[in-house]
Amino acid sequence: MSATIFGLLGAALVGIGLFGLLVRRDALLRILAFNLLGGGVFLVFGAVARRGAGAGLPADPVPQAIILTGIVVAFAATTLAVALVLRLAAAKDRG
């Protein structure tokens, strides 16, 4: 039951992230929307992996490792994107 709830919440986060990417014009809000989308994908992937383990199959640590690696990469990409947006805003103010 909890895997289903996590899957539905992940799908909701993906939908909210897609909506934010399509509607928002501000770069920082679009980065935030992209992070919501990524978090939803990680949650759905984790829910699918949990349902597989709950169906009598042995627990597989590979999906957890992939999710953790994805979170670290997403954090690094977000940091880079925010730094680039701030630098672009500073360059626009100077000239």
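Residues numbered from 1 in each chain as written. Predicted model: local features only at pLDDT ≥ 70, side-chain atom pairs only at ≥ 80, totals over all residues. Heavy atoms only, no water.

### Description of the overall build of the protein chain
- The helix and strand inventory of the protein chain stands at three helices and zero strands.
- Moving toward the C terminus, one meets the helices and strands of the protein chain in the order α-α-α.
- A compact globule built from 95 residues would reach a C-alpha radius of gyration of about 12 Å, whereas the protein chain, at 17 Å, exceeds it by more than 25%.
- By residue count, 16% of the 95 residues in the protein chain fall in the buried class.
- Considering only contacts in the protein chain between residues 6 or more positions apart, those separated by 24 or more positions represent 63%.
- Carbon and sulfur atoms make up 74% of the accessible area of the protein chain, which amounts to about 7,000 Å² in all. (Helix = DSSP H or I, 4+ residues; strand = E, 2+ residues; numbered from the N terminus. Rg over C-alpha atoms; globule rule 2.2 N^0.38 Å. Buried < 20%, exposed > 50% of the residue type's maximum accessible area, 1.4 Å probe, protein only. Contact = heavy atoms within 4.5 Å. Areas by Shrake-Rupley, 256 points an atom, 1.4 Å probe, with all protein chains shown as cover.)

### Describing helix 3 (residues 61-94)
- With 34 residues, helix 3 extends 50 Å between its outermost C-alpha atoms, agreeing within 8% with the 50 Å of an ideal straight helix rising 1.5 Å per residue.
- Those residues of helix 3 not exposed but buried are Pro 63, Ile 67, Gly 70 and Thr 78. (Expected span 1.5 Å × (residues − 1).)

### With respect to the UniProt feature "transmembrane region" (unreviewed entry) in the protein chain
- UniProt's entry tags residues 6-24, 31-53 and 65-90 with the feature "transmembrane region" (unreviewed entry), counted in the numbering of this structure.
- In residues 6-24, helix accounts for 95% and strand for 0%; the two terminal C-alpha atoms are 26 Å from one another.
- The distance separating the terminal C-alpha atoms of residues 65-90 is 38 Å; by composition the span is 100% helix and 0% strand. (UniProt positions renumbered as here; feature names shortened; annotations may be inferred.)

### Regarding the layout of surface pockets
- The volume enclosed by the second largest pocket comes to roughly 180 Å³.
- Counting residues per element, the ones that place at least two in the lining of the second largest pocket are helix 2 (27-54) and helix 3.
- Among the elements that line the lining of the second largest pocket, the one with the most residues is helix 2, at six residues.
- Of the residues that constitute the lining of the second largest pocket, the class distribution is seven nonpolar, four polar and no charged. (1 Å grid on protein atoms, 1.4 Å probe; cavity = no way out; pocket = protein on both sides within 12 Å on 5 of 7 lines; lining within 4 Å. Points joined across faces, edges and corners; volume = space filled by probe spheres on them. Nonpolar A, V, L, I, M, F, W, Y, C, P; charged D, E, K, R; others polar.)

### Section: the side chain of Thr 78
- Its location among the elements puts Thr 78 in helix 3.
- There is a polar contact of 2.8 Å between the side chain of Thr 78 and the side chain of Asn 35.
- Here Thr 78 is in contact with Ile 31 and Asn 35, once residues within four sequence places are set aside. (Polar contact = N/O pair within 3.5 Å; in protein donor to acceptor, adjacent residues only side chain to side chain.)

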